[in-house]
Amino acid sequence: RSFYEQGLPFFDPMCGSATLLIEAAMMAADIAPGLLRKRFGFHCWKQFDKDQWQKILSAAEEKKKQGMQSLPTICGSDNSEQLVAIARSNIAAAGLSSVIKVTLQDASSDLLVI
């Protein structure tokens, strides 16, 4: 079982641009890949069914809404102010600022503060 299925926290002490943190939160919240995208190539197909697509999107949004309510703690740190700023920007772009926290901290320090 994964960390989120067990309700365990997730911590990345060298989070860089926050890729792992974002992926962990998306998996834990059951957020469909590409949910933030507005256009896909198949939108131009002749047989594209816009109504069916809207039903699929609505179902995915509902899963996300439910998943966001039961997320475990997800946080990270890095020792670079520039990387922490980039991580926070990427987290915000993914719409996950309320559930992922990033701090400026060196992973080699004796005391990690989360």
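Data block above holds the structure.
Residues numbered from 1 in each chain as written. Predicted model: local features only at pLDDT ≥ 70, side-chain atom pairs only at ≥ 80, totals over all residues. Heavy atoms only, no water.

J.: Please explain the sheet that holds strand β2 (residues 74-78) as it appears in this structure.
T.: Sheets are built from strands paired through backbone hydrogen bonds, the pairs being either parallel or antiparallel. Reading across the sheet, the three strands line up as β1-β2-β3 and stay open at both edges, with parallel pairing between neighbours. Taken across any chain shown, the strands that pair with only one partner, and hence form the sheet edges, are β1 (10-12) and β3 (100-104). Taking the axes of each pair of neighbouring strands and ignoring which way they run, one obtains an average angle of 15 degrees across the sheet. Strand direction decides the pairing type here: β1 and β2, joined by three bridges, are parallel. Bridged to F10 within β2 is I74. The sheet contacts of helix α3 (residues 81-93) involve β2 and β3, and relative to β3 the element is tilted by about 170 degrees. (Pairing = 2+ DSSP bridges. Helix = DSSP H or I, 4+ residues; strand = E, 2+ residues; numbered from the N terminus. Axes fitted to C-alpha atoms, helices over the stretch in contact; angles between N-to-C directions. Contact = heavy atoms within 4.5 Å.)

J.: Hey, could you run me through the nonpolar core in this one?
T.: Here is a general trend for soluble globular proteins: nonpolar side chains tend to be buried in one another's company. Within the largest apolar cluster, 23 residues are counted, with the highest numbers of intra-cluster contacts made by L21, I22, I91, L96, I100 and V102. The element that contributes the greatest number of residues to this core is helix α1 (residues 19-28), accounting for six residues. Every residue in contact with L21, bar those within four places of it in the chain, is listed here: F10, D12, C15, I74, C75, G76, I100 and V102. (Core = buried A, V, L, I, M, F, W, Y, C linked by side-chain atoms within 4.5 Å. Buried < 20%, exposed > 50% of the residue type's maximum accessible area, 1.4 Å probe, protein only.)

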